[in-house]
Amino acid sequence: MVLHTLARSRSAWAPLVESRISARQFHASISRSLHEVPNLIYKEEFEAKGIAGFLSKESYDIAYNKNMAFLVDRLNKATKGSDHENSTTKQLVLSFARNPSMAAVFSAASMAHNTHFFFDSLSPSLDTNSLDNYPLLKEALIKSFGSIDTLWRTMLTTANAMTGPGFVWLVQAKQRSTSAAGNTSSLPEYRILTTYNAGTPYPEAIYRQQGVDQSTAIGYNGSAGSFGSTSARGRDTPKLPPGTELITPALCVSTWEHCYLPEYGVDGKAKYLIEWWKSINWGAVDNRVEKRQKLGDNNVFDKGPSV
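Before going into details, it helps to say that this report is about the structure given with it. (Residues numbered from 1 in each chain as written. Predicted model: local features only at pLDDT ≥ 70, side-chain atom pairs only at ≥ 80, totals over all residues. Heavy atoms only, no water.)

**Some words on the overall build of the protein chain**
Looking only at helices and strands, one finds 11 helices and five strands in the protein chain. Expressed as a percentage of the 307 residues in the protein chain, the buried residues total 45%. Taking contacts inside the protein chain between residues at least 6 apart in sequence as the whole, the part at least 24 apart equals 70%. Looking at the protein chain as shown, the accessible area adds up to about 15300 Å², and 54% of this sits on carbon and sulfur atoms. (Helix = DSSP H or I, 4+ residues; strand = E, 2+ residues; numbered from the N terminus. Buried < 20%, exposed > 50% of the residue type's maximum accessible area, 1.4 Å probe, protein only. Contact = heavy atoms within 4.5 Å. Areas by Shrake-Rupley, 256 points an atom, 1.4 Å probe, with all protein chains shown as cover.)

Quick look at the structure:
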């Protein structure tokens, strides 16, 4: 059963707490009998007023509520009565990334996961959750891209140039770095990657990342039969391919038409992306990534709470 409405709490803090719990259940490891449309951090504000300067409440209702209800309904029908009906969307994505017979389940789970991730990164006000409030995050982004302006231009140009629907992601990458003294530490950096259609950014499911538009790609690098990553033999190999970079998704923007057509029109994708950047909840981004803290002469990394 799809949950269309969620009870409102009397406590001023309850919506934020409940939304974080629901998001963890949707993405992480808590089991339940049926998938539901999860709460957003600012669900009540979005439904009452829309997303200020970005989407009206009518456009938000189409892009999130109606779209997610459709995806969750598909997911429930596909997993009902199976061993997977209690699995979360992320568990389904990682489990079926290399199983062609479960492509429908993978696609519904990945789209639901990505869509929730996108909308849970938005703020209801242009004046709150500024990147300036998170200096460690801002410093790390500047070190990775040279400036925030470069990050902005790169993400928006990449998203606007996509010839098909999908998502553009800002991800935190962890590389192994050895100091002159021989000490090894994890130094987080940031990257931008694209996923088309229902592709996923998670490296454990890299075979279904769908980082290129298949309608314009040249050649075929898939596999069939007894060999390749999607064969029975391939699905039994380790999920993380050798040399794969470990990443943590931090932020994404959807380039699916149903997100921008109602508000911005056929030729309004660039405007949609510009307004999206102004509506980012950098507090949510900061909570998802590891942050550097300086203690004396040493740098340590303290992982913030998951969203």
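There's more to say after this.
**A few points about helix 10 (residues 269-278)**
All of the buried residues along helix 10 are Lys269, Tyr272, Leu273, Glu275, Trp276 and Trp277. Buried-residue contacts for helix 10 involve helix 5 (103-119), helix 7 (148-161), strand 3 (246-254), helix 9 (257-264) and helix 11 (282-288).

**A word on the nonpolar core**
In terms of nonpolar packing, the biggest core is built from 58 residues, with Phe118, Phe119, Leu141, Trp276 and Trp282 touching the most fellow members. For Trp282, the residues in contact, after removing those within four places along its chain, are Asn129, Ser130, Leu131, Tyr134, Leu137, Leu141, Leu251 and Trp277. Formed by 10 residues, the second largest nonpolar core is a distinct cluster that contains Phe96, Val105, Phe106 and Ala108. (Core = buried A, V, L, I, M, F, W, Y, C linked by side-chain atoms within 4.5 Å.)

**As for the pattern of salt bridges**
Under the counting rule described, the total for this entry stands at nine salt bridges. The salt bridge partner of Lys43 is Glu47, with a shortest N-O separation of 2.7 Å. With Lys43 and Glu47 both in helix 2 (residues 43-49) and four residues apart, the pair spans about one turn of that helix. Classification of Glu47 as partly exposed rests on a relative accessible area of 28%. Bridged by salt links that share partners, the residues Lys271, Glu275 and Lys278 form one connected network. (Salt bridge = Lys/Arg side-chain N within 4 Å of Asp/Glu carboxyl O.)

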